[in-house]
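Notes for the structure review
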Amino acid sequence: MKAIHLHTSGVHDPHEAALVEMCVRLADGVSDVASIKTLDLLSVLYDEARTDPPHILATIKSIGFDAREYDRAS
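Computed from a predicted model, the values in this text were never measured in an experiment.

The pLDDT averaged across the protein chain works out to 91; a share of 96% of its residues lies at or above 70. Mean pLDDT values over the elements of the protein chain span from 92, in helix α1 (residues 14-26), up to 96, in helix α2 (residues 53-62).

Despite not being glycine, Asp40 shows a phi value in the positive range, around 60 degrees. Among the structural elements, Asp40 can be located in the loop between β2 (30-36) and β3 (41-46).

In this fold, Glu21 is placed in helix α1. When near neighbours in sequence (up to four residues on either side) are disregarded, Glu21 contacts Val33, Ser35, Lys37 and Leu42.

In this section: the nonpolar core. If you look at the biggest cluster of nonpolar residues, it comprises 17 residues, and the most contacted ones within it are Leu6, Val24, Val30, Leu42, Val44, Ile56 and Ile60. Listing elements by their share of this core, those giving two or more residues are β1 (2-9), α1, β2, β3 and α2. Ignoring anything within four residues of it in the chain, the contact list for Val30 reads Val24, Arg25, Val44, Leu45, Tyr46 and Ile56.

Procedures and definitions
- Residues numbered from 1 in each chain as written.
- Predicted model: local features only at pLDDT ≥ 70, side-chain atom pairs only at ≥ 80, totals over all residues.
- Heavy atoms only, no water.
- pLDDT = per-residue confidence, 0-100.
- Helix = DSSP H or I, 4+ residues; strand = E, 2+ residues; numbered from the N terminus.
- Contact = heavy atoms within 4.5 Å.
- Core = buried A, V, L, I, M, F, W, Y, C linked by side-chain atoms within 4.5 Å.
- Buried < 20%, exposed > 50% of the residue type's maximum accessible area, 1.4 Å probe, protein only.

So this is what it looks like as structure tokens:
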């Protein structure tokens, strides 16, 4: 298992945040999702044999939101 931390954008209310979280959680290979909504952060635990960060990012983009890997320095 690996983890990726993402910064989401375009998520403006709790319903949108729940939608993003649910869609990522349902993606093949994802075992857990945790979010910090006030910081627009999403942590995803995934099986690297079944999915990868580009697929997780594409899942978020497919529902109309943007995300990028979280860079602590920025």
